[in-house]
Amino acid sequence: MNENIKTASYDALVIGGGIAGGETALNLANNGFKVLLVEKDLSIGGKMILLSKVFPSLDCAACITTPKVSEISRHPLITIFTASEIVRIIRGPNGAFKANLVKKPRFVIVEDCTGCQLCEEACPVSVPDQYQMGLVGRKAAYIPFSIASPRVAAIDIENCTLCGACERACPTKCIDFTQEPVEYAIDIKTVIIATGFNLFDPIKIPRYGYGRFKNVVTSMQMERLLAPTRPFPTILRPGDGKMPDKLAYVLCTGSRDASVGNPICSQICCMYSIKQAQLLMGALPMADVTIYYINIRSFGKGFEEFYEQAKGMGINFIKGKIGEISENPKGNLVLRYEDINEGIVKESEHDMVVLSVGILPNQEASGLFQKKELTLDLYKFVDQPDILVSPSLTSIEGVFVAGTAAGPMDIPDSILSAGAASSEAIGYLNRIQ
Amino acid sequence: MDMEIEKGKTVKYLKEKRKVSPAVIEDLKKFTKIKKGILDALKEEDLTIDQLSQKLALPHHETLYYLMSLIKYGFVQIGKMDDMDEFFSYKIKK
Ligand SMILES: Cc1cc2nc3c(=O)[nH]c(=O)nc-3n(C[C@H](O)[C@H](O)[C@H](O)COP(=O)(O)OP(=O)(O)OC[C@H]3O[C@@H](n4cnc5c(N)ncnc54)[C@H](O)[C@@H]3O)c2cc1C
Ligand code: SF4
Ligand code: SF4
C-alpha cells in the first residue's frame, strides 16, 4: 500500500452532513459507536443551515440548526471530514467495508484559524457567493457563511491570484498554501447514505425566463433574501434594486413535469412557498403575493392550518398553469396562464417572480460501491427494497439510507428517516459484533 | 518538501507550481475598476442604482450586484428611500 495513505477505523461511515446525516451520526455516537461523517462541502448543515425559517412552525432555521451542528461537531465519538470526497467503497471478505477518500486542501490550518476574517478583508478578489445563491460577491479567502461549521476560512484556489495578501493579514499565520490532498483508507462496518438532494435548475424551462429576466428568482434565492444573514440589506429585486410589492410564486417548477424528466411531486414546494409568502407579508406589509398552483398539497401535521392562515393573511391563491413569462420595459414580469377553474387564458403583471423549484435525486452515491451495486429507484433516488417494513434498508446489506437521498421529504421526515436509519444500523452493528 | 516551510509566507511555494488563469486576472481587473467607479461616484453624492448604472454604463443588475458586494465588504451603506417607496439611494460608509 502507498505509505502516504492514512488509515483509520470507525464503526460507521455517514456520507453527507445535512440534517439527515448529522442526526444519524449523533444517534449512532450517542449509542457508543465511533462515527466518521464525510461532507463534500466546506461546512456541515446541508440545505437546512441556509434556510430562513421553517414551516409550519416558522421557527428560525439557524436557531434550530446551530445547536444541532455544534452538538455534532463537539461529540467525542464523531469525526468530521469536510471538503472531502469518497472515492470508492469495497466490501471485504469478512463483511466489513473499506472506504477510500480524499480530503481536499482548504489551505488553512483549521485548528489555528480564529475566524477573524482579516484574510477576507485583505483579499482583493470578489466572485459570486455560492452560499448566497450568487446574489452577492465573496472573497477568494473566505469563511463560507457566518454560522458555518467549522467557522474557519478557506481559500478558493480556482479564483485566487496568489497575491499573498491574506497570508500577510492573518494574525495566526494559519494560511498554508503548501497543503495537498490527503488520501485515506478507512475500515468501517456500516455505511449510511445521507447525500441529500439536488435542486431543479429552472434554466431548463426557457419559457419562464430564469437567467434572462433578472427579477425571476428561485425559491432558494428567496430563502436567502428572507434570512437574517441575507445578501442585501433588505428585500430588493435583483434586477434593479426596487423593493418589490407585487410578487408571484410559480409552484411545481420542475416537479410533476414529465417534459423536464421529473414526473413526481417534490412534496416540500407548496409548503415552503406558503411559508415564504407569509414571511414576505411580514417583511413587506404593503406587498401583494400571489401563488399560482396546480394543487396545494398540505398533507402534513399542521399544514392545512398553515395554508388557511396564509389565505387569512390575504395571500392570493390562483389555480393556474403558467404558459410563459415575459418582461416589460419596467422590468416587471407578465405571466400568461391558464386559469384552471375558469378554463380561460389570462395575463397578470408582477414585479418579481419566484420559481418554486423541485427536488431532484443526487445520484452520486450509486457510483461509490464496488462489487455490489447500490440500486436506485425509478426516479433515481436510493432504492428502498423493503420500504414498508424497513425503509432505511438498501440493496446492499449493511448500507442504509437516510433523508432526501431516498426521496423528497421535509425536515421533520428527514429527522425521522435518520432515526430509522440509525436504529437499523445499530441493530446491524450489534448483530455482527 | 525538503526545505523548512516558512509559516505565513507559503504562497511562494504554490506560485512555483501553479499558474493563475487569465480569466481570474481579468475578473479581478473588472471588479477593481467597478469598485473604484462606484466609490468615486458615491464620494460626490448619494446615488440610486439607476443613477450609478448610468454613470458607470453598467446594466442595472450588475450595478446592484457590485453595490451589494461593496455593502457586504463594508465600503457602502444603504441611504434613504425615494418618495414612491420603491428605490433606495446608497452612500459611502464613514
Ligand atoms: C427553498 C427550500 C425551502 C425549504 N424550506 C423548508 C422548510 O421550511 N421546512 C422543512 O421542513 N423543509 C424545508 N425544505 C426541505 C429541507 O431543505 C430538506 O428536507 C432537508 O434539507 C433534507 O436534508 P438532507 O440531509 O436529506 O439533505 P441535504 O440538506 O441536501 O444535505 C445533504 C448533504 O450531503 C452532502 N453531500 C452530497 N453528496 C455528497 C457526497 N457524495 N459526499 C459527501 N457529502 C455529500 C451535501 O453537501 C449536503 O451537505 C426546504 C427546501 C428548499 C429547497
Ligand atoms: S492569495 Fe488568493 S486568497 Fe489570498 S488574498 Fe490573494 S487572491 Fe485572495
Ligand atoms: S485564516 Fe487567519 S485571517 Fe483568515 S479568518 Fe482564519 S485566523 Fe483570521
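Refer to the structure above for everything that follows.
Residues numbered from 1 in each chain as written. Chains lettered and ligands numbered in written order. Predicted model: local features only at pLDDT ≥ 70, side-chain atom pairs only at ≥ 80, totals over all residues. Heavy atoms only, no water.

## Examining the environment of A:Phe400
Residues and elements named next belong to chain A.
For step 1, the next point in the chain: Mapped onto the fold, Phe-400 is located in strand β25 (residues 399-401).
For step 2, the next point in the chain: Owing to a relative accessible area of 3%, Phe-400 belongs among the buried residues under this scheme.
For step 3, the next point in the chain: If we skip the residues at most four places from it in the chain, Phe-400 touches Thr-190, Val-191, Ile-192, Ile-193, Ser-392, Leu-393, Thr-394, Ala-421, Glu-424, Ala-425 and Tyr-428. (Helix = DSSP H or I, 4+ residues; strand = E, 2+ residues; numbered from the N terminus. Buried < 20%, exposed > 50% of the residue type's maximum accessible area, 1.4 Å probe, protein only. Contact = heavy atoms within 4.5 Å.)

## Points about the pattern of salt bridges
Residues and elements named next belong to chain A.
For step 1, the next point in the chain: Enumeration according to the criterion identifies 27 salt bridges over all chains in this entry.
For step 2, the next point in the chain: Lys-330 is the salt-bridge partner of Glu-349, the closest N and O atoms lying 3.8 Å from each other. Remark: Lys-330 occurs in the loop between β19 (316-327) and β20 (333-339) and Glu-349 occurs in strand β21 (residues 344-350); sequence separation between them is 19 residues.
For step 3, the next point in the chain: With a relative accessible area of 57%, Lys-330 lands in the exposed category.
For step 4, the next point in the chain: Put simply, Glu-342 and Lys-346 hold a salt bridge, and the shortest N to O gap is 3.2 Å.
For step 5, the next point in the chain: Salt bridges sharing common partners tie together Lys-242, Asp-245 and Asp-351. (Salt bridge = Lys/Arg side-chain N within 4 Å of Asp/Glu carboxyl O.)

## A short note on the site of ligand 3
For step 1, the next point in the chain: Contacts to ligand 3 come from 13 residues, most closely from A:Cys113, A:Cys116, A:Gln117, A:Cys119 and A:Cys170.
For step 2, the next point in the chain: Each residue belonging to the shell around ligand 3 can be placed in one class, and the counts come to nine nonpolar, four polar and no charged. (Near = heavy atom within 4 Å. Nonpolar A, V, L, I, M, F, W, Y, C, P; charged D, E, K, R; others polar.)

## Brief notes about the sheet that holds β25(A)
Residues and elements named next belong to chain A.
For step 1, the next point in the chain: Pairing in this open sheet of five strands is parallel, and the strands run β6-β3-β2-β14-β25 from one edge to the other. Strands at the two margins of the open sheet, each flanked by one partner only, are β6 (78-81) and β25. Neighbour-to-neighbour, the strand axes of this sheet turn through a mean angle of 20°, independent of strand direction.
For step 2, the next point in the chain: With three bridges joining them, strand β14 (residues 190-193) and β25 adopt parallel strand pairing. The residue of β25 that forms the bridge with Ile-193 is Val-401. (Pairing = 2+ DSSP bridges. Axes fitted to C-alpha atoms, helices over the stretch in contact; angles between N-to-C directions.)

## As for the interface of chain B and chain A
For step 1, the next point in the chain: Taken together, the contact between chain B and chain A spans 33 residues of the former and 43 residues of the latter.
For step 2, the next point in the chain: Carbon and sulfur atoms make up 65% of the area that chain B and chain A hide from each other, which totals about 3200 Å².
For step 3, the next point in the chain: Counting the contacts that link chain B with chain A gives four salt bridges.
For step 4, the next point in the chain: Two residues, B:Lys17 and A:Glu180, come together in a salt bridge whose shortest N-O distance is 2.9 Å.
For step 5, the next point in the chain: At the junction of chain B with chain A, the criterion picks out 13 residue pairs in polar contact (both at pLDDT 80 or more).
For step 6, the next point in the chain: Mapped onto the side of chain B that touches chain A, the elements with two or more residues apiece are α1 (11-17), α2 (22-44), α4 (60-72), β2 (76-81) and β3 (88-92) of chain B.
For step 7, the next point in the chain: Looking at the side of chain B that touches chain A element by element, the count peaks at eight residues for α4(B). (Buried area = accessible area lost by both parts, 1.4 Å probe. Polar contact = N/O pair within 3.5 Å; in protein donor to acceptor, adjacent residues only side chain to side chain.)

## Overview of the site of ligand 1
Residues and elements named next belong to chain A.
For step 1, the next point in the chain: Around ligand 1, a shell composed of 36 residues is seen, among which Glu-39, Lys-47, Lys-275, Glu-364 and Thr-404 lie nearest.
For step 2, the next point in the chain: Asn-362 places a side-chain nitrogen or oxygen 3.1 Å from a nitrogen atom of ligand 1.
For step 3, the next point in the chain: For ligand 1, the protein covers 97% of the area, taking 1000 Å² as the surface of the free molecule.
For step 4, the next point in the chain: When residues of the shell around ligand 1 are traced back to their parent elements, those giving at least two are α1 (19-30), β4 (53-54), β15 (197-199), α5 (219-226), α6 (269-283) and α8 (411-432).
For step 5, the next point in the chain: The residue makeup of the shell around ligand 1, split by class, is 17 nonpolar, eleven polar and eight charged.
For step 6, the next point in the chain: Counting the residues that make up the shell around ligand 1, at least three belong to each of domain 1 (6-104 + 181-196 + 362-432) and domain 3 (199-359). (Areas by Shrake-Rupley, 256 points an atom, 1.4 Å probe, with all protein chains shown as cover. Domains from an automatic or database assignment.)

## A closer look at the pairing of strand β13 (residues 182-188) of chain A
Residues and elements named next belong to chain A.
For step 1, the next point in the chain: The pairing of strand β1 (residues 6-9) with β13 spans four bridges and is parallel. Residue pairing in the sheet places Ser-9 in a bridge with Asp-187 of β13.
For step 2, the next point in the chain: Bridging between strand β8 (residues 97-103) and β13 involves seven bridges; their strand directions are antiparallel. Bridge assignment links Lys-103 to a residue of β13, and that residue is Val-182.

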